[in-house]
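# Residue-level structural notes
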Amino acid sequence: MINVELAQFALIIPPVVFLFYLLFSWSGLTTSKPEKLSFLTGFPYEAYERKKNSVGFYALIVFLASEALLNVSMFVNYSDTSADIIGLLVLSATLTVTMFFLIIRIHTLTASRERIHLTRFYLMGLGLFLLASLNGLIFLNLSKMSEKETAVFVLSIMQFVISLTVVFILVNPRLRNWAQLEKVVGEDGGSSLKRPKPFVLAFSEWLIIFLSVLAWFLAGLCNYLIIS
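Below is a short write-up of the structure. (Residues numbered from 1 in each chain as written. Predicted model: local features only at pLDDT ≥ 70, side-chain atom pairs only at ≥ 80, totals over all residues. Heavy atoms only, no water.)

What follows deals with empty space enclosed by the protein. This structure, assessed with the given rule, holds one cavity of 30 Å³ or more. If you add up the space inside the largest cavity, you get close to 50 Å³. In terms of lining residues, the largest cavity is bounded by Ala 10, Leu 11, Pro 14, Pro 15, Phe 63, Glu 67, Val 213, Trp 216, Phe 217 and Gly 220. Counting only elements with at least two residues in the lining of the largest cavity, the list comes to α1 (2-27) and α7 (200-227). Here the residues of the lining of the largest cavity sort into eight nonpolar, one polar and one charged. (1 Å grid on protein atoms, 1.4 Å probe; cavity = no way out; pocket = protein on both sides within 12 Å on 5 of 7 lines; lining within 4 Å. Points joined across faces, edges and corners; volume = space filled by probe spheres on them. Helix = DSSP H or I, 4+ residues; strand = E, 2+ residues; numbered from the N terminus. Nonpolar A, V, L, I, M, F, W, Y, C, P; charged D, E, K, R; others polar.)

Turning to unusual backbone geometry, a few remarks are in order. Leave glycine aside and you will find that most residues have negative phi; peptide bonds, for their part, are mostly trans. Geometrically, the link from Lys 197 to Pro 198 is a cis peptide bond, its omega value of -5 degrees lying close to zero. Inspection of the secondary structure puts Pro 198 in the loop between β2 (191-194) and α7.

Moving on to a nonpolar patch on the surface. Taken together, the side chains of Leu 123, Leu 126, Phe 129, Leu 130, Leu 164, Val 167, Phe 168 and Val 171 make up a nonpolar region of the molecular surface, amounting to roughly 700 Å² of accessible area. Secondary structure elements with two or more residues in the nonpolar patch: α5 (114-142) and α6 (149-170). No other element matches α5, which puts four residues into the nonpolar patch. As for its placement among the helices and strands, Val 167 is situated in helix α6. (Patch = residues over 30% accessible without salt bridge, like charges linked within 9 Å, V, L, I, M, F, W, Y side chains within 5 Å. Areas by Shrake-Rupley, 256 points an atom, 1.4 Å probe, with all protein chains shown as cover. Salt bridge = Lys/Arg side-chain N within 4 Å of Asp/Glu carboxyl O.)

Residues Phe 121, Met 124 and Phe 139 are the most contacted members of the largest nonpolar core, which totals 61 residues. Going through the elements one at a time, α1, α2 (55-66), α3 (68-78), α4 (83-106), α5, α6 and α7 are the ones with two or more residues in this core. The dominant element in this core, judged by the number of residues it contributes, is α7, at 15 residues. Dropping the residues within four chain positions of it, Phe 121 is found in contact with Ile 106, Ile 169, Leu 170, Leu 175, Leu 201, Ser 204, Glu 205 and Ile 208. (Core = buried A, V, L, I, M, F, W, Y, C linked by side-chain atoms within 4.5 Å. Buried < 20%, exposed > 50% of the residue type's maximum accessible area, 1.4 Å probe, protein only. Contact = heavy atoms within 4.5 Å.)

Looking at the secondary structure, you find Gln 159 in helix α6. Taking the relative accessible area as the measure of exposure, Gln 159 reaches 1% and is therefore buried. Not counting residues within four places of it along the chain, the set of residues in contact with Gln 159 comprises Ala 132, Asn 135, Gly 136, Ala 215, Leu 218 and Ala 219.

Let us now look at the packing of α4 against α5. Packed helix pairs are specified by the crossing angle of their axes together with the interaxial distance, meaning the distance between the axes. Taken N-terminus to C-terminus, the directions of α4 and α5 make an angle of 150 degrees; their axes are 9 Å apart at the nearest point. With respect to α5, the element α4 is oriented roughly antiparallel. At the point where α4 passes α5, the crossing takes the left-handed sense. Here the residues of the contact of α4 with α5 are counted per class, giving 18 nonpolar, five polar and two charged. (Axes fitted to C-alpha atoms, helices over the stretch in contact; angles between N-to-C directions. Parallel < 35°, antiparallel > 145°, perpendicular 65-115°, else oblique. Left-handed = near helix turned anticlockwise from the far one by under 90°.)

Structurally, the position occupied by Ser 92 is in helix α4. Assessed through its relative accessible area of 1%, Ser 92 is described here as buried. Side chain to side chain, Ser 92 and Asn 71 meet in a polar contact 3.5 Å long. (Polar contact = N/O pair within 3.5 Å; in protein donor to acceptor, adjacent residues only side chain to side chain.)

The next subject is the environment of Ser 204. Relative to the helices and strands, Ser 204 resides in helix α7. Ser 204 has contacts with Phe 121, Ile 169 and Leu 175, leaving out every residue within four places of it along the chain.

Our focus in this paragraph is the packing of aromatic side chains. Scanning the model with the defined rule gives 15 aromatic pairs in all. Ring centres of Tyr 78 and Phe 139 lie 6.3 Å apart, and the angle between their planes is 85 degrees; on these two criteria the pair is classed as edge-to-face. Here the residue Tyr 78 occupies a position in helix α3, and Phe 139 occupies one in helix α5, the gap between them amounting to 61 residues. This pair shows no difference in class: Tyr 78 is buried, exactly as Phe 139 is. An aromatic cluster is built from Phe 18, Tyr 21, Phe 39, Phe 63, Trp 206, Phe 210 and Trp 216, whose rings are joined through pairwise contacts. (Phe/Tyr/Trp six-rings, centres within 6.5 Å; stacked < 30°, edge-to-face > 60°.)

Written as structure tokens, this is what we have:
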């Protein structure tokens, strides 16, 4: 019963906390700017200003920390399955912690430090590719021990679909000129520059974050289905 409850917590708590993070990010409650954040043009680090209001940032940290519940549940449930699985579980936990720091870093490093910021973006994408692929492999192997084998199998395959999607995001040729702005002519004849929609790097960062949430949720659902 405890194992099932832990799996339930690992499945439910992270998405709920992430919704709070999105609410604070989108509403503008965590920034001094009057306009709401656009996920098409705004960077994750622009979703809040820690010195003004840290609620959104703390919600992000709680969300990422809550993802560790999944790894704990997986260790509790499958560590005695085989020696090979233990190694994969350790690697999965390591990648989860790595993603924790990469997502935090992408929220604290401005795009003005272009080379470092872009490197963090690619590392975050690579981390998600590896984590989703690994969890997909783990639950693909574990699906045979579940009465809901077909459902777990399908969800595991979806993890690989997420990994493939990440690859397409990372190899997008538009990322080479991500800082290019659009020229806009106003009614008075004056011109200005603005970010295009979507602003490719900012939008890609949000896609990676959203896909990471989806990947964690699918893994949590697989975990719950196997032991329920």
